[in-house]
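Single-letter residue listing:
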Amino acid sequence: MHTFPDARSVVRALQPDEPIILNRPHAAARAARFFVEKFPGKSLYAVKANPSPDLLQVLWDNGVTHYDVASIAEVRLVRATLPGATLCFMHPVKAPSAIREAYRQHGVRTFSLDSVEELEKIVEACRDDAGEAAQDLRLCVRLRVSSEYSELSLASKFGCDLTEAPALLQQARQHADWLGVCFHVGSQAMTPFAYVQALERVRIAIGEASVVIDMIDVGGGFPSVYPGMEPPPLEDYFQIIHQNFYNLPIAYNAELWCEPGRALCAEYSSLIVKVEKRRGEELYINDGAYGALFDAAHVDWKFPVRALEDDLIKPDMDFAFYGPTCDDADYMQGPFVLPEDIQAGDYIEIGMLGAYGAAMKTDFNGFGAADCVLVTDEPMASLYDGSRQRPAADNVVSLR
């Protein structure tokens, strides 16, 4: 894989007609070290955010030893890439064959669940050939919590209700060598208070269940920086999680886990696209809703952009994008702020696409080809470059 100083040097050298993914291993390494050193517990990388083997290796090399896998394909991928990694199968609804393969062939012992049916499925799938139940299961009961403080909700599909949790915890305890409670506050949580509210629900569930809890997993939701989404420093999240964790009725040696996805990989990648046509305030580019810009089209996500031409001199204005396919849904309303004199043939860098960007590309309509190169410059925004200082008096105080 070729290495370039930045996006402009890539354009000058290659003049690409297809999109180019720019990877920044140093940015992912920095994010990994941040979580490993500052989160007051164990950090599991949520592989679905970006399953690139190269990225997995970068995270491993920088101290991330546990991985949240959500399918048997992810189990196989991470086990093949990182033989020494600890894999945790955190999808609450799994096929029996996937559970069996993960347990027997790949050494997975940690499984999440949110129903009695899933608990029974896990117990049965992990029996040995003689029909004996597994004695080393590490089970995590997923609790449904609010996503009101997050940009993307994850509150409707998974998680047991607070009224169901005590009984499920009691039943899971009977089959678990090690029992945890997990939840997910939603993607891109914009305030640490999201975790306070969730941990209060956990406290109630554990108190009513009256069982020994060995682990609390606060899930993902840790944010990155995007236009119009400027979160507090991550240290604020870590501090308030740590404080509320110690107020829970749990074992004295209970572990604290988290599952960052976006926060570990968003800064890893950006994308170079070419403008194929301009129509007023609309730019037709060669990637879009069925490529790395799925979120820009389908959930109206705002990504940072910059023009890569040296001869654009007019002030900035707002643009919308059309992608390359024949589908009208291949549209991204933005706004994307670029120089007013941008035109067909010019190139644009779109930043912060390491999370759910390259991972969601398709070949629909014959598009989807994209080479990858390495660049050594900084990502277009960062939570880890030292620029985001905690103020002397911040709003976390009012949330304690």
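See the structure shown above.
Computed from a predicted model, the values in this text were never measured in an experiment.

S.K.: How do you make sense of the pairing of strand β9 (residues 178-182) when you look at a structure like this?
M.R.: When a strand is regular, its side chains alternate between the sheet's two faces. Within β9, 5 of the 5 residues are buried, leaving the element largely enclosed by the surrounding structure. Burial along β9 is two-sided: the face carrying Trp178, Gly180 and Cys182 and the face carrying Leu179 and Val181 are both buried. Both strand β7 (residues 138-142) and β9 contribute to a ladder of 5 bridges, which runs parallel. Bridge pairing in β9 places Cys140 opposite Gly180. Pairing geometry for β9 and strand β11 (residues 215-217), over 3 bridges, is parallel. Across the sheet, the residue bridging to Cys182 is Asp217, located in β11.

S.K.: Would you mind showing me how to read the environment of Ala46 here?
M.R.: Looking at where Ala46 falls in the secondary structure, it is placed in strand β3 (residues 42-46). In this structure, the C-alpha to C-alpha distance between Ala46 and Leu264, residues 218 residues apart in sequence, is 8.8 Å. Not counting residues up to four positions away in its chain, the partners in contact with Ala46 are Asp68, Glu259, Pro260 and Gly261.

S.K.: Hey, could you run me through the sheet that holds strand β4 (residues 66-69) in this one?
M.R.: Either a parallel or an antiparallel arrangement is found when strands of a sheet pair, and the pairing is made through backbone hydrogen bonds. Pairing is parallel around the closed barrel formed by 8 strands, whose spatial order is β3-β4-β5-β6-β7-β9-β11-β12. Here the strands of the sheet are splayed against their neighbours by 25° on average, with no regard to which way each runs. With 3 bridges joining them, β11 and strand β12 (residues 255-258) adopt parallel strand pairing. The partner of Asp217 across the bridge, within β12, is Trp257.

S.K.: When you look at the pairing of β4 in this model, what are you seeing that I'm missing?
M.R.: Alternating positions in β4 separate into two faces, His66 and Asp68 on one and Tyr67 and Val69 on the other, with burial throughout. In the sheet, β3 pairs with β4 via 3 bridges, with the strands oriented parallel. Across the sheet, residue Ala46 finds its bridge partner in β4, namely Asp68. Between the parallel elements β3 and β4, the chain passes through helix α3 (residues 53-61) in a crossover that is right-handed. As judged from the 4 bridges shared by β4 and strand β5 (residues 86-89), these two strands associate in the parallel manner. Note on β5: the bridge partner recorded for His66 is Thr86. Running through helix α4 (residues 72-81), the crossover from β4 to the neighbouring parallel element β5 is right-handed.

S.K.: What should I look at first to understand the packing of aromatic side chains in this one?
M.R.: For any two aromatic rings, the description comes down to two numbers: the centre-to-centre distance and the angle of the planes. Applying the stated criterion across every chain yields a total of 21 aromatic pairs. Taking 5.9 Å as the distance between ring centres and 75° as the angle between the ring planes, the aromatic pair formed by Phe222 and Phe238 counts as edge-to-face. Note that Phe222 is positioned in the loop between β11 and α9 (234-245) and Phe238 in helix α9, a separation of 16 residues in sequence. Residue classification places Phe238 among the buried residues on the basis of a relative accessible area of 4%. Following the ring pairs from residue to residue traces out a cluster consisting of Phe34, Phe35, Phe39, Tyr195, Phe222, Tyr237, Phe238 and Tyr384. Against the face of Trp178 rests Arg138, its NZ or CZ located 3.8 Å from the ring centre. Here the guanidinium or amino end of Lys277 rests over the ring plane of Tyr284, the centre of that ring lying 4.9 Å away.

S.K.: What am I meant to see in helix α8 (residues 193-209) here?
M.R.: Look at α8: 25 Å from first C-alpha to last across 17 residues, which is about the 24 Å you get at 1.5 Å a residue. When we look at burial in α8, the residues that qualify are Ala194, Tyr195, Val196, Ala198, Leu199, Val202, Ala205, Ile206 and Ala209. In the core, the buried residues of α8 are packed alongside α7 (165-175), β9, β10 (187-189), β11 and α9. Downstream of α8 by one or two residues, Ser210 has phi in the positive range, about 55°.

S.K.: Honestly, the packing of α4 against helix α5 (residues 96-106) in this entry has me stumped. Any pointers?
M.R.: To characterise two packed helices, one gives the angle between the axes of the helices and the distance between these axes. For the pair α4 and α5, the least separation of the axes is 9 Å and the interaxial angle reads 15°. Judged by the inter-axis angle, α4 sits roughly parallel to α5. Our pair here, α4 against α5, has a crossing hand that is left-handed. Between α4 and α5, the residues in contact are Ile72, Val75, Arg76 and Arg79 and Ala98, Glu101, Ala102 and His106, respectively.

S.K.: How should I be thinking about the packing of α7 against α8 in this particular structure?
M.R.: α8 packs onto α7 with a crossing angle of 60° between their chain directions and a minimal axis gap of 8 Å. By the angle between their directions, the pair α7 and α8 is classed as oblique. Note that α7 runs across α8; the crossing there is right-handed. Along its contact with α7, which presents Ala165, Pro166, Leu169 and Gln170, the element α8 presents Ala205, Ile206, Glu208 and Ala209. Along the lines of polarity and charge, the residues of the contact of α7 with α8 split into 6 nonpolar, 1 polar and 1 charged.

S.K.: Quick question: what am I supposed to make of unusual backbone geometry here?
M.R.: What is expected of a backbone is that most residues other than glycine have negative phi and most peptide bonds are trans. Along the chain, Gly334 connects to Pro335 via a cis peptide bond; the corresponding omega equals 10°. Within the secondary structure, Pro335 is located in strand β17 (residues 331-339). The backbone of Tyr356 shows a phi angle near 65°, a positive value even though the residue is not glycine.

S.K.: How should I be thinking about helix α1 (residues 7-14) in this particular structure?
M.R.: Taken as a whole, α1 has its buried residues at Ala7, Ser9, Val10 and Val11. Taken together, the buried residues of α1 touch β1 (3-4), β2 (20-23), β13 (269-279), β18 (347-350) and β19 (371-375). The opening residue of α1, the one whose side-chain oxygen lies 3.4 Å from the backbone nitrogen of Arg8, is Asp6.

S.K.: Just checking my understanding: could you explain the nonpolar core for this structure?
M.R.: As a rule of thumb, soluble globular proteins bury nonpolar side chains together. Phe35, Tyr45, Tyr67, Phe111, Ile216, Val218 and Phe222 are the most contacted members of the largest nonpolar core, which totals 118 residues. Per element, the largest residue contribution to this core is 9 residues, and it comes from α8. Discounting residues that sit within four places of it in the chain, Val218 has contacts with Phe39, Phe183, Tyr195, Leu199, Ile241, Leu256, Trp257 and Cys258. Phe4, Ile20, Leu22 and Leu308 belong to the second largest nonpolar core, which has 11 residues in total.

Quick notes on the rules
- Throughout this document, residue positions are counted from 1 along each chain, in the order its sequence is written.
- Reporting of local features is limited, given that this is a predicted model, to residues whose pLDDT is at least 70; pairs of side-chain atoms are given and counted only at 80 or more, and all residues count toward the totals for whole chains, interfaces and linings.
- The basis for the side-chain values is all heavy atoms of the structure; hydrogens and waters are excluded.
- Throughout this description, buried means an accessible area under 20% of the type-specific maximum (1.4 Å probe, protein chains only), exposed means over 50%, and partly exposed covers the range between.
- Only DSSP runs of H or I covering at least 4 residues are called helices, and only runs of E covering at least 2 are called strands; the numbering of each starts at the N terminus.
- Pairs of strands are assigned from DSSP output, requiring at least two bridges between the strands.
- Whether two residues touch is decided by their heavy atoms; if any such pair falls within 4.5 Å, the residues are in contact.
- Axis angles are defined between N-to-C directions and span 0 to 180 degrees, where every axis is a line fitted to C-alpha atoms and, for a helix, only to the segment in contact.
- Seen with its strands pointing away from the viewer, a crossover is right-handed when the path leading from the first strand over the helix to the second is clockwise.
- Here a Phe, Tyr or Trp ring, Trp counted by its six-membered ring, pairs with any other such ring whose centre lies within 6.5 Å, and the pair is stacked when the planes are under 30 degrees apart, edge-to-face when over 60, and tilted otherwise.
- By the criterion adopted, a ring carries a charge over it if an Arg CZ or a Lys NZ lies within 6 Å of its centre and within 35 degrees of its normal.
- To estimate how far a helix should extend, the number of its residues minus one is multiplied by 1.5 Å.
- These descriptions rest on fixed angle ranges, namely under 35 degrees for roughly parallel, over 145 for roughly antiparallel, 65 to 115 for roughly perpendicular, and the rest for oblique.
- Crossings are assigned a handedness: left-handed for a near helix turned anticlockwise from the far helix by less than a right angle, right-handed for a clockwise turn.
- Three categories are distinguished: nonpolar for Ala, Val, Leu, Ile, Met, Phe, Trp, Tyr, Cys and Pro, charged for Asp, Glu, Lys and Arg, and polar for the others, with Gly belonging to the last.
- Any N or O atom pair separated by 3.5 Å or less is treated as a polar contact, with the protein-specific requirement of one donor-capable and one acceptor-capable atom, and with residues adjacent in sequence counted only for side-chain atom pairs.
- Nonpolar core, defined: a set of buried Ala, Val, Leu, Ile, Met, Phe, Trp, Tyr and Cys residues in which side-chain atoms within 4.5 Å join the residues together.

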